[in-house]
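Structural overview for review
One-letter residues, chain by chain:
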Amino acid sequence: MQLKNVLNTLSALVLSLSCSLVVAAQACPTCPDDLSQPGNNKGAQTVLLTGPAANNANTLSSMIGGFVSGGGGSQNAGLDVKRYSLSGSTGAAAAPGGKAWNVWGAYSYSDIAYQFSPLRSSGDVKVGLAGIDYTFDNNVILGVAAGYDRTDVDLNFSSGKLTGNGYTVAPYIGMLINKNFAIDATIGFGRTNVDTLATIPPSLGGGIVTGSTHSDRNLGSLGLTYREVFGAWTLTGRAGLLTVHDKLGAYTLSNGTFVPDGTVNLTQARLTAMAAYTVGSVTPYASISYINDLSRPDQAPIGGVAAANDRDAWTPAVGVRFRFDNSLYGSVQYSSEQRSEVRNNQFLINLGIRF
């Protein structure tokens, strides 16, 4: 009887140790805190779902700042495509150099990765945005944007997959204070349907576990843009504050495991400096942004491995703006966010027309 008890104890210890090792290396799908599910891991949820939502909010906010201060998307100053006429007493929306309506569209492709070794994941996020706004009294714009997002991430640590399809709706407002300063604000809401897949290691019986849920988000941003023109040069500075409230709904996996809901609140301050040089109808530019995560959940250690939990980052970007006439404009841009365990390289293109 005593020998049997010893053997049972040893067996339990071996099983516990095996499960712990698999969690650290592969996020064992049969363990209680199944880390292959974002609902069980706020660190992964922040990087794979909330972070891209914050980047989308920043893209939209920056574009609005550009619409107000320079007349085109992504701070399209320097192309002499004027939306506003500040000289004169009243300055109606259709005043010389001003256009009342602005319709635009943008597409971004982001190559993302979470390089924290116990949760190593990589994939991409594709976002399409479209919006329309109207100029009031030549110094205020009011508009609304709508977006579609598609997320495809390989959860390498669990031989799994995370996919998402969602939408965002965001009204916005911008105001030109004077020829140099403009402010903008955005509020929005959206939902992304999330599907997960994890592979059970053969040592634990093998098989595939799936799950489906949705992520509801609210977002807001506030920005201040400063622009100064020196001949062909345009220098732009921008300060922004944005916040995303992201709640992942509770769900039950195909093997009967319950995954509780998970909420992430992310607040960021962003500072950007940009220099642009105009040659005819083309303006190449370069910028550098500093990002500070004022509030966000930290990634907890896994299997004795601690995450870097960087709370700040630098994001250099290069791009070119162009115009075809005084109504049609656009730009292309490439940026790369620099964090020790997060990769976020983005290609962004936008086109718009004023009438």
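A brief structural summary. What you are looking at is a predicted structure, and each value in this text was computed from that prediction instead of being measured.

Definitions and cut-offs
Residues numbered from 1 in each chain as written. Predicted model: local features only at pLDDT ≥ 70, side-chain atom pairs only at ≥ 80, totals over all residues. Heavy atoms only, no water. Helix = DSSP H or I, 4+ residues; strand = E, 2+ residues; numbered from the N terminus. Contact = heavy atoms within 4.5 Å. Phe/Tyr/Trp six-rings, centres within 6.5 Å; stacked < 30°, edge-to-face > 60°. Buried < 20%, exposed > 50% of the residue type's maximum accessible area, 1.4 Å probe, protein only. Core = buried A, V, L, I, M, F, W, Y, C linked by side-chain atoms within 4.5 Å. Salt bridge = Lys/Arg side-chain N within 4 Å of Asp/Glu carboxyl O. 1 Å grid on protein atoms, 1.4 Å probe; cavity = no way out; pocket = protein on both sides within 12 Å on 5 of 7 lines; lining within 4 Å. Points joined across faces, edges and corners; volume = space filled by probe spheres on them. Nonpolar A, V, L, I, M, F, W, Y, C, P; charged D, E, K, R; others polar.

Turning to unusual backbone geometry, a few remarks are in order. Despite not being glycine, Ser159 has its phi angle at roughly 50°, a positive value. When you line up the elements, Ser159 lands in the loop between strand S3 (140–155) and strand S4 (160–176). Positive phi is not limited to glycine here, since Asn309 has a value of about 50°. Here Asn309 shows up in the loop between strand S11 (282–295) and strand S12 (312–323).

The next point concerns the side chain of Thr50. Considering the arrangement of structural elements, one finds Thr50 in helix H2 (residues 42–70). Discounting residues that sit within four places of it in the chain, Thr50 has contacts with Gln45, Val244, Asp246, Val264 and Leu266.

Applying the stated rule across the entire model yields nine aromatic pairs. The interplanar angle of 70° and the centroid separation of 5.0 Å between the aromatic rings of Tyr134 and Phe136 together place this pair among those described as edge-to-face. Looking at Phe136, the relative accessible area reads 39%, which means it is partly exposed. Plain terms: the ring middles of Phe181 and Tyr226 are 4.8 Å apart, the flat faces sit at 55° to each other, and that makes the pair tilted. Taken together, the residues Phe181 in strand S5 (residues 181–199) and Tyr226 in strand S6 (residues 208–230) connect sequence positions 45 residues apart. Three or more aromatic residues link up through ring pairs in this structure, and these residues are Trp101, Tyr134, Phe136 and Phe355.

This next bit is on the nonpolar core. Counting residues in each nonpolar core, the largest one holds 40 residues, and the members touching the most others are Leu48, Phe67, Trp104 and Tyr172. Every element with two or more residues in this core is listed here: H2, strand S1 (101–114), strand S2 (121–136), S3, S4, S5 and strand S14 (342–354). If one sorts the elements of this core by residue count, H2 sits on top with nine residues. Those residues in contact with Leu48 that sit more than four places away from it in its chain are Ile112, Thr151, Val153 and Leu155. Counting seven residues, the second largest nonpolar core, distinct from the first, contains Ala54, Ala57, Leu219 and Val244.

This part is about the environment of Arg354. Along the polypeptide, Arg354 turns up in strand S14. Placed 255 residues apart in sequence, Arg354 and Lys99 show a C-alpha to C-alpha distance of 5.9 Å.

This part is about the pattern of salt bridges. Two side chains bearing opposite charge may form a pair once their charged atoms approach each other closely. Counted under the stated rule, the structure contains 14 salt bridges. Of the charged contacts, one joins Arg343 and Asp111 as a salt bridge, the two residues approaching to 3.0 Å between their closest N and O atoms. Of this pair, Arg343 sits in strand S14 while Asp111 sits in strand S1; the two residues are 232 residues apart in sequence, bridging distant segments of the chain. Overall, Arg343 belongs to the partly exposed group, its relative accessible area being 26%. Using a relative accessible area of 25% as the deciding quantity, one classes Asp111 as partly exposed.

The next subject is empty space enclosed by the protein. Scanning the entire structure with this criterion turns up seven cavities of 30 Å³ or more. Volume-wise, the largest cavity comes out at about 420 Å³. Forming the walls of the largest cavity are 23 residues, and the residues nearest its centre are Asn58, Ser62, Ser289, Gln333 and Ser335. Of all the secondary-structure elements, those providing two or more residues to the lining of the largest cavity are H2, strand S10 (262–277), S11, S12, strand S13 (328–338) and S14. In terms of residue class, the lining of the largest cavity is made up of six nonpolar, 14 polar and three charged.

With that out of the way, let us pick up the environment of Ile353. Mapped onto the fold, Ile353 is located in strand S14. In contact with Ile353, other than residues within four places in its own chain, are Trp101, Asn102, Val103, Ser327, Leu328 and Tyr329.

What is shown is where atoms sit, not what they do.
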